[in-house]
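# Structural features, examined
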There are 2 protein chains.
Amino acid sequence: MQVLQNDTFLKALMRESTSYTPVWMMRQAGRYLPEYKATRQDAGSFMDLCRNAQFATDVTLQPLDRYPLLDAAILFSDILTIPDAMGLGLSFEAGEGPRFERTLQHEADIKKLTVPDMADLQYVFNAVSSIRKALNGRVPLIGFSGSPWTLATYMVEGKGGTDFLTTKKMAYTRPDLLHHILETTAQTVIQYLNAQIEAGAQAVMIFDSWGGALSHNAYIEFSLNYMKKIIAGLTKTADGRKVPCVMFTKGGGLWLEAQAESGADALGLDWTIDIGLARARVGSKVALQGNLDPAVLLSTPAAIEKEVANILVSYGEGSGHVFNLGHGITQWTPPENAAAFLEAVRKHSQQYHINK
Amino acid sequence: MQVLQNDTFLKALMRESTSYTPVWMMRQAGRYLPEYKATRQDAGSFMDLCRNAQFATDVTLQPLDRYPLLDAAILFSDILTIPDAMGLGLSFEAGEGPRFERTLQHEADIKKLTVPDMADLQYVFNAVSSIRKALNGRVPLIGFSGSPWTLATYMVEGKGGTDFLTTKKMAYTRPDLLHHILETTAQTVIQYLNAQIEAGAQAVMIFDSWGGALSHNAYIEFSLNYMKKIIAGLTKTADGRKVPCVMFTKGGGLWLEAQAESGADALGLDWTIDIGLARARVGSKVALQGNLDPAVLLSTPAAIEKEVANILVSYGEGSGHVFNLGHGITQWTPPENAAAFLEAVRKHSQQYHINK
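For the structure given in this document, a descriptive report is provided here. Everything numeric here is computed off the predicted structure, so don't read it as measured data. (Residues numbered from 1 in each chain as written. Chains lettered and ligands numbered in written order. Predicted model: local features only at pLDDT ≥ 70, side-chain atom pairs only at ≥ 80, totals over all residues. Heavy atoms only, no water.)

## Structural notes on the interface of chain A and chain B
The interface of chain A with chain B comprises 31 residues on the first partner and 31 residues on the second. The junction of chain A with chain B conceals about 2500 Å² of combined surface from both sides, 67% of it contributed by carbon and sulfur atoms. On the surface where chain A and chain B come into contact, there are 2 salt bridges. K168 of chain B serves as the salt-bridge partner of D293 of chain A, at 2.8 Å between the closest nitrogen and oxygen. (Contact = heavy atoms within 4.5 Å. Buried area = accessible area lost by both parts, 1.4 Å probe. Salt bridge = Lys/Arg side-chain N within 4 Å of Asp/Glu carboxyl O.)

Here you go:
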């Protein structure tokens, strides 16, 4: 068994003291890196890359090789692996977003939906094992899944969106059908994340990318409740160590109090919320992960340093903060600006961890 | 001078007592109405419709003729009239959003930007006069403008967006240039709204459609501060009566406390915030306008009634609430569902206004 050489990220998620604020970047293995684009070209399609354990391992480790200040690795995969395994027929058209060949809009189709065989997702677990081995204890590996609500929007709409009118119409007209989709998906996510933990994931994150499109009540009913159920069903420890769970509802800053009661160890924050106000609202119930606007990385090292310092001063002293972007890094980020970001976090964060 | 026969909307904005909760719908003159589509076809392009006072009057009054329970009319126009008058060359391609021929990305172009001659916007003021006359005192007429930040995103990006990376890059790299755009736009909006008030608008609304894309600090600096400046420069009364101002930052529910100090008489709310929690946060400083998810209008009259009742019970007793959707009504709304919405507001709201 490899010894974990840097557990700053895991400690911060559990609100244990660390000597600096750990950092990683959502979508850190991505198109802003020329080495990623090269591997992607070798692999073929995006899903070909995800399905090949060696390629997935290569791209997962690329940002770690370039940026020694990263404190975590995240499985290279996609949230839509689950609907794909459910038989909906995922494809990515160039220049468009993801598309599903089949949608879940009719009662007969919805009632046929069942938890897929995890063997159909074995390629994901193989990638986790391969990455964990390749990491060789450098930093912890994060596994992840989409939230049931977020996955349901793709399954019902058949593609990405912003309004989710078909899914919401179902929520208000036939909530029983939507609940069947959500419950089936939640049971799937439990198996999926536990298999990732079994394969070597040392923390897990639930991406609720579209929960922020709901009303307060609808968020609780159609998104948060299913994430709670997932968290309750997760394997709690691996290798004798707690496997922390981060829950991230993009656009969900209004509902932090409810999220803090979900059982998650940490909450992801997008950049719209002041992290100090967020900390005051959740108290000592959860750690916080975030929350620089990824657009800031398009500016200058000096501007990046200033914005990083502002977030650190707002969070204040003590543990419980994992620095991150408030959303995935954009493909137009100059790689040297990502370096400036990571350096600023390390440089400015140490003062908040003295004797804490 | 026409006597205003229904001032429930104006009273609620000023937190004066009324016998029921007044209601209108953002984009109530729109594509969900067959009569709108017929006039639009007669008029030609969308901007042809906006530029013709008779057509603009016809479509503004159509929802009032169909729905006697509406408590306000809103000028039929577009927020992009201002950048168009600034010479950026607005067009709407079928099936696409708005496009500008020229953008504000280079220092030389930005520094040339000045407040346009209001004569180039005279068609808007003519429409206001014509609508006010045609209303003949039935309900008050709302004038409106986009916020400087929201207009700036279109002027910099050249089109609508969701990430606003070019505008944000300017905010973090050359804030001086963005502030020049925002200041020039704010001065324009003051003249523009005051000319609407002069022409007959009895309340005004500032649509900050994209303020919610900013971080807390950036929202204050690049959006809220300019809306404050506008509100301070507005004509306060017309025909001896206060002209209330509603400020609406979509996605801005995290920042209500700051918004409540802006000088606005009322704040618009999108559907993501629980209106009772919003009321508790702003106290008696402002009225609130909102906030049913427009997607609910795609469901059934029974579901609509239930959701309306939930919002009313959450707001609770007393004045200071104007019912509305949390965003514009969608084009797929069955017109009879809009009627069910308005009837539900009237039916369920009266109990909260007894002896208040």
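## With respect to the side chain of S299 of chain B
Within the element layout of this structure, S299 of chain B appears in the loop between β10 (287-292) and α14 (301-315). Within the local environment of S299 of chain B, its side chain forms a polar contact with the backbone oxygen of V296 of chain B, the two atoms lying 2.6 Å apart. Beyond its immediate stretch of four places on either side in the chain, S299 of chain B contacts Y172 and T173 of chain A together with I304 and N337 of chain B. (Helix = DSSP H or I, 4+ residues; strand = E, 2+ residues; numbered from the N terminus. Polar contact = N/O pair within 3.5 Å; in protein donor to acceptor, adjacent residues only side chain to side chain.)

## A few points about the sheet that holds strand β5 (residues 203-208) of chain B
Residues and elements named next belong to chain B. The 7 strands are arranged β1-β4-β5-β8-β9-β10-β11 in an open sheet whose pairing can be described as parallel. The outermost strands of the open sheet, each flanked by one partner alone, are β1 (73-74) and β11 (321-325). Here strand β9 (residues 266-268) runs beside β10; their pairing, made up of 3 bridges, is parallel. Note on β10: the bridge partner recorded for L267 is L288. The sheet contacts of helix α11 (residues 216-232) involve β5 and β8 (245-249), and relative to β8 the element is tilted by about 170°. In the packing of α14 onto the sheet, the strands contacted are β10 and β11, and the crossing angle to β11 comes to about 150°. (Pairing = 2+ DSSP bridges. Axes fitted to C-alpha atoms, helices over the stretch in contact; angles between N-to-C directions.)

## Focus: the relation of the copies chain A and chain B
Mapping chain A onto chain B calls for a rotation angle of 180° and an axial translation of 0.0 Å; the resulting RMSD is 0.0 Å. In symmetry terms, the pair is related by a two-fold rotation axis. Residues of chain A ranked by C-alpha distance from the rotation axis are headed by L254 of chain A, positioned 3.1 Å from it. Most of the interface of chain A is mirrored in chain B, where 100% of its interface residues again form contacts. (Least-squares fit on C-alpha atoms with pLDDT ≥ 70 in both.)

## Details of the packing of aromatic side chains
Following the criterion strictly, the structure yields 18 aromatic pairs over all chains and no others. Here F207 of chain B and F248 of chain B contribute two aromatic rings whose centre-to-centre distance is 6.4 Å and whose plane-to-plane angle is 80°, an arrangement assigned as edge-to-face. Of this pair, F207 of chain B sits in strand β5 while F248 of chain B sits in strand β8; the two residues are 41 residues apart in sequence, bridging distant segments of the chain. Both residues of the pair, F207 of chain B and F248 of chain B, count as buried. Aromatic ring contacts, followed pair by pair, group Y36, F46, F76 and F92 of chain A into a single cluster. When the ring centre of Y20 of chain A is taken as reference, the NZ or CZ atom of R346 of chain A above it lies at 3.7 Å. (Phe/Tyr/Trp six-rings, centres within 6.5 Å; stacked < 30°, edge-to-face > 60°. Buried < 20%, exposed > 50% of the residue type's maximum accessible area, 1.4 Å probe, protein only. Lys NZ or Arg CZ within 6 Å of the ring centre and 35° of its normal.)

## Observations regarding the pattern of salt bridges
The tally for this structure, following the rule as stated, stands at 30 salt bridges over all chains. As a salt-bridge pair, D84 of chain A and R51 of chain A come within 2.8 Å of each other at their nearest N and O atoms. Taken together, the residues span a long stretch of sequence, with D84 of chain A in helix α5 (residues 81-88) and R51 of chain A in helix α3 (residues 46-51) at a distance of 33 residues. Residue classification places D84 of chain A among the buried residues on the basis of a relative accessible area of 17%. K111 of chain B is paired through a salt bridge with E107 of chain B; the nearest N and O atoms lie 2.7 Å apart. One end of the pair is K111 of chain B and the other is E107 of chain B, both in helix α6 (residues 107-111) and 4 residues apart, which spans about a single turn. Salt bridges sharing common partners tie together E107, K111, R174 and D176 of chain A.

## Overview of the side chain of N6 of chain A
Residues and elements named next belong to chain A. Among the structural elements, N6 can be located in the segment before α1 (8-13). A distance of 2.6 Å separates polar atoms of two side chains, one belonging to N6 and the other to T8. If we ignore the near neighbours within four places in the chain, the residues touching N6 are Y20, L70, D71, G137, R138, V139 and P140.

## Topic: the pairing of β5 of chain B
Residues and elements named next belong to chain B. In terms of burial, β5 is largely enclosed, as 6 of its 6 residues are buried. Going residue by residue along β5, you find A203, M205 and F207 tucked away on one face and V204, I206 and D208 tucked away on the opposite face as well. Bridging between strand β4 (residues 141-146) and β5 involves 5 bridges; their strand directions are parallel. Bridge assignment links S145 to a residue of β5, and that residue is I206. Two strands pair when backbone bridges link them, and β5 and β8 are joined in this way by 5 bridges, in the parallel orientation. Its bridge partner lying in β8, M205 is registered against V246.

## Some words on the nonpolar core
With 257 residues, the main nonpolar core has W24, M25 and F341 of chain A together with W24, M25 and F341 of chain B as its most contacted residues. The contact partners of F341 of chain A, leaving out residues within four places of it in the chain, are V23, M25, L292, L297, I304, V308, F323, N324 and L325 of chain A. (Core = buried A, V, L, I, M, F, W, Y, C linked by side-chain atoms within 4.5 Å.)

## Topic: the environment of R15 of chain B
Residues and elements named next belong to chain B. Within the secondary structure layout, R15 lies in the loop between α1 (8-13) and α2 (34-43). Judged by relative accessible area, which is 35%, R15 ranks as partly exposed. Once the C-alpha coordinates of R15 and G268 are considered, the two residues, 253 residues apart in sequence, prove to be 14 Å apart. Those residues within four positions of R15 in sequence are excluded, and the remaining contacts are S284, V286, A287, S319 and G320.

## Comments concerning helix α4 (residues 53-66) of chain B
Residue and element names in this part refer to chain B. Under the 1.5 Å per step criterion, the end-to-end length of α4 is 20 Å for 14 residues, consistent within 8% with the ideal 20 Å. When α4 is considered as a whole, its buried residues turn out to be A56, T57, V59, T60, L61, Q62, P63 and L64. Close packing links the buried residues of α4 with α2, α3 (46-51), β1 and α7 (122-135). (Expected span 1.5 Å × (residues − 1).)

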